[in-house]
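In case you want the letters, here they are:
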2 protein chains.
Amino acid sequence: MSLPHAILTSLLEKPCTGAELARRFDKSLGHFWPATHQQIYRELGKLEEAGLILARGLATARGSQRHFDVQAAGRAELERWSLAAAEPRPVRDALLVRLRAAAVLGTVDLGGEIRRHRQLHAQTLGRYRAIEERDFPPGRALDTAGGLRRAVLLAGIAFEESWLAWCAETLATG
Amino acid sequence: MSLPHAILTSLLEKPCTGAELARRFDKSLGHFWPATHQQIYRELGKLEEAGLILARGLATARGSQRHFDVQAAGRAELERWSLAAAEPRPVRDALLVRLRAAAVLGTVDLGGEIRRHRQLHAQTLGRYRAIEERDFPPGRALDTAGGLRRAVLLAGIAFEESWLAWCAETLATG
DNA sequence: TACGATTATGCAACTTGTTGCGCAAAGGAG
DNA sequence: CTCCTTTGCGCAACAAGTTGCATAATCGTA
């Protein structure tokens, strides 16, 4: 149930078209709740039908841009949802399953995959750090909203660093 | 595509019935690839149909136990899959979306939720640590398989610790 | 042995996420 | 102006995950 709310959040930050939303998503909120452009279009349709957002521009022809704004009802729904209690999702990572498989098979070496993952996580970490430097340079005071956005980014950074450390240790130990 | 392979792994560790598999899953592999019993039964059906596992006992009546063994083809498929390259899934956590929503709304305080999540993550960490003490007590030498299983557990521990640290810092900063 | 609670198995319907494709508009190159 | 590429939009089919319920076996207990 998070995708529509992620979209509301993003539209509230800046109203835009579906395609622009999809692009922005890839570079910001999508880091923590990924979505394809098809998912986004579908949800935009539902949100519009529910009256939570409003489209400027007609839905007549394909390929014509439609600009979306969040309505008061949308804002209210987002408040409701963000305050409601929700459980964290457990991790779900195939690499860990594969390690267990390797353990029981005894014939499979995943060192290469771990190294590859280490590199991928290092790349992601690099992207996050670049965003941090760009949006939250040291020495500048942050308002509440800025602090919250920074906290989200720091969670991503912590996560990637945790992966990197684990990869290093696993490679060293195994 | 991971669930069937997680099931193969678990069945390879110890052949059993669907219900027992579901129970074992909750306490071990399921920490990293959760699945409900319905998912498991459905996959068992598919795996059996594909000839990757074999059921001792007839599928005649409901409620009668069926014991599953991994076939050679199943083992081969698991090897193939665990060696094939696969990308890590990005994080997908609603709490982070909610923080961004709170940032843009400006009227929502998530401190309580963060504290609650901190507690949940602490509980999970406690469970992992208990498993670590039970299965990998210090001072005992580990074979390769044990090392791999321990590495998986350490990944879980690292994530939870990372979450805990983040919760603490976010509560302190915000 | 009869009864009720628990355990095991499974169907059906639904929601969410993914993949692949097709069509329309916009915008530059010839 | 025409062609062609890129961008935006969206359908349709599928795969994966979830929820709720129904039924059969099992087991303890009266």
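Residues numbered from 1 in each chain as written. Chains lettered and ligands numbered in written order. Predicted model: local features only at pLDDT ≥ 70, side-chain atom pairs only at ≥ 80, totals over all residues. Heavy atoms only, no water.

1. Some points on the overall build of chain A
Counting its regular elements, chain A contains 7 helices and 3 strands. Its C-alpha atoms give chain A a radius of gyration of 20 Å, clearly above 16 Å, the size a compact globule of 174 residues would have. Looking at chain A as shown, the accessible area adds up to about 8900 Å², and 54% of this sits on carbon and sulfur atoms. (Helix = DSSP H or I, 4+ residues; strand = E, 2+ residues; numbered from the N terminus. Rg over C-alpha atoms; globule rule 2.2 N^0.38 Å. Areas by Shrake-Rupley, 256 points an atom, 1.4 Å probe, with all protein chains shown as cover.)

2. A few points about the environment of A:Gly146
Take A:Gly146: it is sitting in helix α7 (residues 144-173). Between the alpha carbons of A:Gly146 and A:Ala101 there is a distance of 43 Å; along the sequence they are 45 residues apart.

3. A look at the side chain of B:Ser10
Residue and element names in this part refer to chain B. With respect to the helices and strands, the residue Ser10 is situated in helix α1 (residues 3-13). With a relative accessible area of 1%, Ser10 lands in the buried category. In this structure, Ser10 is in contact with Leu21, Arg24, Phe25 and Leu29, ignoring residues within four places of it in sequence. (Buried < 20%, exposed > 50% of the residue type's maximum accessible area, 1.4 Å probe, protein only. Contact = heavy atoms within 4.5 Å.)

4. Structural notes on the packing of helix α6 (residues 111-135) of chain A against α7(A)
Residue and element names in this part refer to chain A. Running from N to C, α6 and α7 point in directions that differ by 155 degrees, and their axes come no closer than 9 Å. Comparing the axis directions of α6 and α7 gives the class roughly antiparallel. Viewed along their axes, α6 and α7 form a crossing whose handedness is left-handed. A class-by-class count of the residues in the contact of α6 with α7 yields 12 nonpolar, 5 polar and 9 charged. (Axes fitted to C-alpha atoms, helices over the stretch in contact; angles between N-to-C directions. Parallel < 35°, antiparallel > 145°, perpendicular 65-115°, else oblique. Left-handed = near helix turned anticlockwise from the far one by under 90°. Nonpolar A, V, L, I, M, F, W, Y, C, P; charged D, E, K, R; others polar.)

5. Some thoughts on the domain arrangement of chain A
Residue and element names in this part refer to chain A. Under the domain assignment used here, chain A contains domain 1 (3-83) and domain 2 (94-173). For domain 1 versus domain 2, the distance between C-alpha centres works out to 28 Å. Listed per partner, the contact involves 4 residues of domain 1 and 7 residues of domain 2. Of the roughly 400 Å² buried between domain 1 and domain 2, counting both surfaces, carbon and sulfur atoms make up 63%. If you sort the residues of domain 1 by the area they bury against domain 2, Glu13, His31 and Phe32 come out on top, with a joint share of 91%. (Domains from an automatic or database assignment. Buried area = accessible area lost by both parts, 1.4 Å probe.)

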